[in-house]
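Residue-level structure breakdown
Each chain, letter by letter, is given below.
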Amino acid sequence: MREFLRRAAPGHRPADAATGLPPYILGLHAQVRRGTARLRSRTLRAHRALHIRIEAESVRVVNQYQVRGTPAPAALARFGWMVGEWRSAAAECRQRAQQLADEANQLIACYWDAAWAGGQAAGLVDGARPTGWLPGEISLDRTWDHVDDSLLTDRWYAGGAAASAVAQALHILDNQAAYGGAPSGVREG
């Protein structure tokens, strides 16, 4: 701990100190990884039927809009409702995952406050702990940034050559004004 505080004291970059994080901090990282994986798994399991319906409806939407070239507002509305349900559930899951990370970061801050106070008592560091200094801070990985990514499990059907039906239907939904429909939230006169 003393060596860590000496290396991580102001004047050294926090990234230099990140290589030797204490077991407590590493344990918090593992706990958040397990917790967020459980949240994601639970959400996918709880909404499996919805996911299957989204996949089926996406084929209908793509058929109508891209194969036949005929807008089908009812099919798009059904698909949009299902996607809205999914996005709501996924956003709630992401919020819970962020809460796990935030709670762990609070524990990390308390840990470093205590370590810094101990370092001060031992004469290793001077002054208060810098507010931006939080070695081992936890942030969600980038897979949590896009809530629709979990819907795109049918990518392997396309073999990488073309976008999946779900991806195409999501594009149609998100750009429905270009396909003859009103943009989301806008009524036609």
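Positions within a chain are numbered from 1, following the residues in the order the chain's sequence is written. Owing to the predicted nature of the model, reporting of local features is limited to residues with pLDDT of at least 70; listing and counting of side-chain atom pairs is limited to 80 or more, with chain, interface and lining totals taken over all residues. For side-chain calculations, the full set of non-hydrogen atoms in the structure is used, while hydrogens and water are omitted.

**Concerning the overall build of the chain**
We apply this condition: Secondary structure counts use DSSP, requiring at least four H or I residues in a row for a helix and at least two E residues in a row for a strand, with both numbered from the N terminus. With a 1.4 Å probe rolled over the protein chains alone, any residue whose accessible area is under 20% of its type maximum counts as buried; one over 50% counts as exposed, and the rest are partly exposed. What makes two residues a contact is simply this: any of their non-hydrogen atoms within 4.5 Å. Here the open area of atoms and residues is found with the Shrake-Rupley method and a 1.4 Å probe, where only the protein chains shown may cover a residue.
Across its full length, the chain holds seven helices and zero strands. Ordering the α and β elements of the chain from the N terminus gives α-α-α-α-α-α-α. Within the chain, the proportion of its 189 residues that are buried is 34%. A fraction of 70% describes how many contacts in the chain between residues 6 or more apart in sequence connect residues 24 or more apart. When the accessible area of the chain is evaluated, it comes to approximately 11,400 Å², of which 53% is carbon and sulfur surface.

**As for helix H7 (residues 165-174)**
As a reminder of what qualifies: Directions from the helix axis toward the C-beta atoms define the arc.
Considered for burial, the residues of H7 that qualify are Val166, Ala169, Leu170, Ile172 and Leu173. For H7, the angular spread of buried residues about the axis comes to 160 degrees, placing them on one side. Summarising the contacts, the buried residues of H7 are in contact with helix H4 (48-67) and helix H5 (73-121).

**Notes on the packing of aromatic side chains**
Rules: Two rings from Phe, Tyr or Trp (for Trp, the six-membered ring) form a pair when their centres are within 6.5 Å of each other. A pair whose planes differ by under 30 degrees is stacked, one over 60 is edge-to-face, and the rest are tilted. Note on geometry: a ring has a charge over it if NZ (lysine) or CZ (arginine) is within 6 Å of the ring centre and within 35 degrees of the ring normal.
The full count for this structure, using the stated rule, is four aromatic pairs. Judged by centre distance (5.1 Å) and plane angle (65 degrees), the ring pair of Trp116 and Trp133 falls under edge-to-face. In this pair, Trp116 sits in helix H5 while Trp133 sits in the loop between H5 and helix H6 (155-158), placing the two residues 17 residues apart along the sequence. A relative accessible area of 2% means that Trp116 is categorised as buried. Given the relative accessible area of 5%, Trp133 is considered buried. Following the ring pairs from residue to residue traces out a cluster consisting of Tyr24, Tyr111, Trp112, Trp116 and Trp133. Directly above the aromatic system of Trp144 lies the positively charged group of Arg40, at a separation of 4.0 Å from the ring centroid.

**Some words on the side chain of Thr43**
Mapped onto the fold, Thr43 is located in helix H3 (residues 23-46). If near-sequence neighbours (up to four positions away) are discounted, Thr43 is found in contact with Trp86, Ala89 and Cys93.

Limitation: the analysis is restricted to geometry and does not speak to function.
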